[in-house]
Amino acid sequence: MSTTATGRRPLVLANWKANGDHNSNQTLIEALCQGWKGLNKAEMVICPPHCYLGQVSDALAHANIEVGAQDISRFERGAYTGDVTAFMLAEFGCRYVIVGHSERREYFSETDAQVIEKFQRAQEQGLTPILCVGESLQERDAGKALEKIGAQIKAVLDSCGRNCFVNALIAYEPIWAVGTGRIATPEQVEEVHQYIREIFGELGDKIRILYGGSVKADNAAETFALDDVDGALVGGASLKAEDFLTICRAANN
Ligand code: PGA
């Protein structure tokens with residue numbers, strides 16, 4: 001990751017998943033605001049559960065930290081019980097939204113077709129989607145990792161067009177590395193990130209591609225040193241202020 005050479009600003013995103021409560025959120029946010037004062041080479045983004053978006057947005061109103069959402073409705077509005085629309089997320093100050101996280105695809109049976117709709121709803125409201133892609137361990141062992149990732153990206157590309165990716169990010173998250181403590185090797189990460197850039201041709205060098213999957217305070221710097229890594233999507237380690245700040249500072253170097 002070398003911003004000056006690539007023009008791609010590093011971004012580190014905290015994916016809190018279904019964790020936190022009002023009090024612990026407040027403590028965490030205050031520590032992050034304090035520790036991130038004056039740092040702005042990298043972008044820090046916090047994605048709390050939807051019900052805490054108001055709290056986090058308010059707490060970050062004067063901080064150099066952005067707010068994002070973990071998921072989004074594929075519908076514009078209407079009788080869709082339980083859904084939170086792009087318009088609502090925008091009203092709560094979200095700039096980013098994760099779409100197609102492997103946990104959504106796996107536990108909520110989200111399909112590529114639904115991911116496409118979510119990607120589109122986000123962009124219609126000026127939100128920047130972060131499209132998650134990644135292979136299972138079986139797919140990797142069968143030598144089909146790139147094929148799987150290529151298909152996930154091409155599904156969105158074919159429906160939305162290349163230009164949509166001017167305002168989108170991609171997160172490569174091998175499913176076997178998410179929440180397991182087993183991070184992908186530098187070679188594996190570089191191979192996939194380069195492959196993703198190739199899919200986009202000329203635009204490829206402009207797209208920010210994050211890595212996600214067991215990024216921790218003690219392995220972030222090594223991951224960020226890779227040329228084609230523009231930051232990280234962080235789950236578990238984003239729940240501890242000092243760990244997350246260490247990761248963000250590594251991206252800011
Ligand atoms: P992890 O989660 O950092 O806990 O592996 C990453 C993610 O889900 O994006």
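On a predicted model such as this, the values are computed, not experimentally measured, just so you know. In this convention, every chain numbers its residues from 1, walking through the sequence in written order. Only residues with pLDDT of at least 70 get local features here, since the model is predicted, and only at 80 or more are side-chain atom pairs given and counted; chain-wide, interface and lining totals rely on the full set of residues. To get the side-chain values, take all heavy atoms of the structure and skip hydrogens and water.

Trainee: How should I be thinking about the side chain of Asn252 in this particular structure?
Mentor: Inspection of the secondary structure puts Asn252 in helix α11 (residues 241–252). Since its relative accessible area comes to 14%, Asn252 is described here as buried. Here the side chain of Asn252 touches Lys41 through a polar contact of 2.9 Å, landing on its backbone nitrogen. By definition in these notes, contact holds between two residues if any of their heavy atoms fall within 4.5 Å. Apart from residues no more than four positions distant in its own chain, Asn252 is found in contact with Trp36, Leu39, Asn40, Lys41 and Ala42. Put simply, DSSP H or I for four residues or longer makes a helix, DSSP E for two residues or longer makes a strand, and each gets a number counted from the N terminus. Relative accessibility thresholds used throughout: buried, under 20% of the residue-type maximum; exposed, over 50%; partly exposed, between the two (1.4 Å probe, protein chains only). By the criterion applied in these results, polar contacts are pairs of N or O atoms within 3.5 Å in which, for protein atoms, one can donate a hydrogen and the other can accept it, and in which residues neighboring in sequence qualify only through two side-chain atoms.

Trainee: When you look at the sheet that holds strand β7 (residues 209–212) in this model, what are you seeing that I'm missing?
Mentor: Within a beta sheet, neighbouring strands are joined by backbone hydrogen bonds and run either parallel or antiparallel to one another. The strand order around the closed barrel formed by 8 strands is β1-β2-β3-β4-β5-β6-β7-β8, and the pairing between neighbours is parallel. Neighbour to neighbour, the strand axes of the sheet diverge by 25° on average, direction disregarded. Two strands pair under a simple rule: DSSP has to find at least two bridges between them. The sheet contact formed by strand β2 (residues 43–47) and strand β3 (residues 65–69) spans 3 bridges and is parallel. Across the sheet, the residue bridging to Ile46 is Val67, located in β3. Sheet strands in contact with α11 are β1 (11–15), β2 and β8 (231–234), and its direction is about 160° off that of β1. Angular values range over 0 to 180 degrees, each being the angle between N-to-C directions of two axes fitted as lines to C-alpha atoms, with helices fitted over their stretch in contact.

Trainee: It is not clear to me how unusual backbone geometry should be interpreted in this structure. Could you clarify?
Mentor: Phi is mostly negative for residues that are not glycine, and the peptide bonds are mostly trans. Phi is positive for Lys17, close to 55°, though the residue is something other than glycine. With respect to the helices and strands, the residue Lys17 is situated in the loop between β1 and α2 (22–35). For Ser214, which is not glycine, the phi torsion reads 60° and is therefore positive. Within the secondary structure, Ser214 is located in the loop between β7 and α10 (220–224). Overall, Ser214 belongs to the buried group, its relative accessible area being 8%.

Trainee: Can you help me understand the pattern of salt bridges in this one?
Mentor: Where charged atoms from two side chains of opposite charge come close, those side chains can pair. The term salt bridge refers to a side-chain nitrogen of Lys or Arg lying within 4 Å of a carboxyl oxygen of Asp or Glu. For the coordinates displayed, the defined rule picks out 19 salt bridges. Between Glu110 and Arg104 there is a salt bridge; the shortest N-O distance is 3.4 Å. Assessed through its relative accessible area of 24%, Arg104 is described here as partly exposed. Among the ionic pairs, Arg140 bridges to Glu135, the shortest N-O distance being 2.7 Å. The class of Glu135 is buried, set by a relative accessible area of 0%. Within this structure, Arg9, Glu43, Glu66, Arg95 and Arg208 form a network of salt bridges that share partners.

Trainee: What is the right way to look at the site of the ligand in this model?
Mentor: Residue proximity to a molecule or strand is established when one non-hydrogen atom of the residue lies within 4 Å of it. Inspection of the region around the ligand gives 13 residues, with Lys17, His101, Glu173, Gly179 and Ser214 positioned closest. Lys17 is positioned such that a nitrogen or oxygen atom in its side chain is 2.6 Å from an oxygen atom of the ligand. Method for areas: the Shrake-Rupley scheme with a 1.4 Å probe, in which residue coverage is limited to the protein chains shown. Protein contacts shield 97% of the accessible area of the ligand, which totals 280 Å² for the unbound molecule. Its residues assigned to classes, the shell around the ligand shows 4 nonpolar, 7 polar and 2 charged. Basically, the charged four are Asp, Glu, Lys and Arg, the nonpolar ten are Ala, Val, Leu, Ile, Met, Phe, Trp, Tyr, Cys and Pro, and anything else, Gly included, counts as polar.

Trainee: Whenever I open this one, helix α6 (residues 112–124) confuses me. Can you help?
Mentor: Note that an α-helix has 3.6 residues per turn; residues three or four places apart therefore point the same way. Taking 1.5 Å per residue as the helical rise, α6 with its 13 residues ought to reach 18 Å, and the 18 Å between its terminal C-alpha atoms agrees with that figure. Every buried residue of α6 is accounted for by Val115, Ile116, Lys118, Phe119, Arg121 and Ala122. Along its buried surface, α6 packs onto α4 (86–91), β4 (94–99), α5 (102–107), β5 (128–133) and α8 (145–160). Gly126 sits one or two residues past α6 and shows a positive phi near 80°. Here the expected length of a helix is defined as 1.5 Å per residue gap, with one fewer gap than residues.

Trainee: What am I meant to see in the packing of aromatic side chains here?
Mentor: The relation between two aromatic rings is expressed through the spacing of the ring centres and the mutual angle of the planes. Between the rings of Phe, Tyr and Trp (Trp by its six-membered ring), a pair exists once the centres lie within 6.5 Å; its type follows the angle of the planes, with under 30 degrees stacked, over 60 edge-to-face, and the other angles tilted. Evaluation of the coordinates by the stated rule reveals 4 aromatic pairs. The interplanar angle of 55° and the centroid separation of 4.8 Å between the aromatic rings of Phe165 and Phe200 together place this pair among those described as tilted. Placement of Phe165 in the loop between α8 and β6 (169–172) and of Phe200 in the loop between α9 (186–199) and β7 is noted, with a sequence separation of 35 residues between them. On the basis of relative accessibility, which here comes to 1%, the residue Phe165 falls in the buried class. You can call Phe200 buried: its relative accessible area is 1%. Ring geometry for Tyr172 and Tyr211: centres 6.2 Å apart, planes at 65°, overall edge-to-face. Of this pair, Tyr172 sits in strand β6 while Tyr211 sits in strand β7, and the two are 39 residues apart along the sequence. Accessibility expressed as a relative area gives 0% for Tyr211, which makes it buried. An aromatic cluster is built from Phe119, Phe165 and Phe200, whose rings are joined through pairwise contacts. The aromatic ring of Phe108 is capped on one face by Arg104, whose charged end is 3.8 Å from the ring centroid. Criterion for a charge above a ring: Arg CZ or Lys NZ at most 6 Å from the ring centre, at most 35 degrees from the ring normal.

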